[in-house]
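Chains, contacts and geometry: an overview
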Amino acid sequence: PYFPTEGSPAEGRPGPQVVRLIDRIKKLVAEQRRLDDDGEDRRRDANRREIARLKWRLANAVKRELSPGPGLRLAVAARL
């Protein structure tokens, strides 16, 4: 069974940090598409770096939300 950890969303909904990161990535991707047409190399490169950084943060936030709490890990370790 899944027991939500502190700060994790209830009922399978993403937490506020995950939602904010996804929204920010969506905005940057939309801006990136506009910049691809305009040819602004410096801004486009900055957007690519920011998108990569946010994707990394999003992956870590999702992992934290999906991981069992420290109590469960301790209980599993105690069984060994």
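So, a few notes on the structure that sits alongside this text. All residue numbers here refer to positions counted from 1 along the written sequence of the relevant chain. Confidence filtering applies because this is a predicted model: local features only for residues at pLDDT of at least 70, side-chain atom pairs given and counted only at 80 or more, and all residues used for totals across whole chains, interfaces and linings. The side-chain figures draw on all heavy atoms in the structure; neither hydrogens nor water molecules are used.

What follows is about the packing of helix 1 (residues 16–38) against helix 2 (residues 41–66). Each pair of packed helices can be described by the angle between their axes along with the distance between the axes. Simply put, an axis is a line fit to the C-alpha atoms, just over the touching stretch for a helix, and the angle between two N-to-C directions goes from 0 to 180 degrees. Each helix corresponds to a stretch of at least 4 residues labelled H or I by DSSP, and each strand to a stretch of at least 2 residues labelled E; elements are numbered beginning at the N terminus. In the contact formed by helix 1 and helix 2, the axes pass within 9 Å of each other and the chain directions differ by 160°. Classified by the angle between their axes, helix 1 and helix 2 sit roughly antiparallel to one another. Taken as a pair, helix 1 and helix 2 cross one another with a handedness that is left-handed. Partitioned by chemical class, the residues of the contact of helix 1 with helix 2 number 12 nonpolar, 3 polar and 11 charged. In these notes the angle categories are as follows: under 35 degrees is roughly parallel, over 145 is roughly antiparallel, 65 to 115 is roughly perpendicular, and the rest is oblique. Throughout, a crossing is termed right-handed when the near helix is turned clockwise from the far one, and left-handed when it is turned anticlockwise from it by less than a right angle. Polar here means any residue outside two lists: the nonpolar Ala, Val, Leu, Ile, Met, Phe, Trp, Tyr, Cys and Pro, and the charged Asp, Glu, Lys and Arg; Gly therefore counts as polar.

Here, a salt bridge means any side-chain nitrogen of Lys or Arg that lies within 4 Å of a carboxyl oxygen of Asp or Glu. The final tally for this structure, using the stated rule, is 4 salt bridges. For Arg43, the salt bridge goes to Glu31, with nearest N and O atoms at 3.0 Å. One end of the pair, Arg43, is in helix 2; the other, Glu31, is in helix 1, and 12 residues separate them in sequence. Accessibility here uses a 1.4 Å probe with only protein chains present; expressed as a share of the type maximum, an area under 20% marks a residue as buried, one over 50% as exposed, and anything in between as partly exposed. Arg43 gets classed as partly exposed once you look at its relative accessible area, which sits at 37%.

This next bit is on helix 2. One less than the residue count of a helix, multiplied by 1.5 Å, gives the span that helix is expected to have. Taking 1.5 Å per residue, 26 residues should reach 38 Å; helix 2 reaches 37 Å between its end C-alpha atoms and fits that length. Two residues form a contact once any of their heavy atoms are found within 4.5 Å. Close packing links the buried residues of helix 2 with helix 1.

To continue, consider helix 1. Its 23 residues give helix 1 an end-to-end C-alpha distance of 33 Å, which sits within 8% of 33 Å, the value for a rise of 1.5 Å per residue. Those residues of helix 1 that are buried lie in contact with helix 2.

This next bit is on the nonpolar core. In this text, buried Ala, Val, Leu, Ile, Met, Phe, Trp, Tyr and Cys residues form a nonpolar core when linked through side-chain atoms within 4.5 Å. Core analysis: the largest hydrophobic core is formed by 8 residues, namely Val18, Leu21, Ile25, Leu28, Ile51, Leu54, Leu58 and Ala61. Broken down by secondary-structure element, the contributors of at least two residues to this core are helix 1 and helix 2. Sequence-distant contacts of Leu28, that is, excluding residues within four places in its chain, are made with Asn47, Glu50, Ile51 and Leu54.

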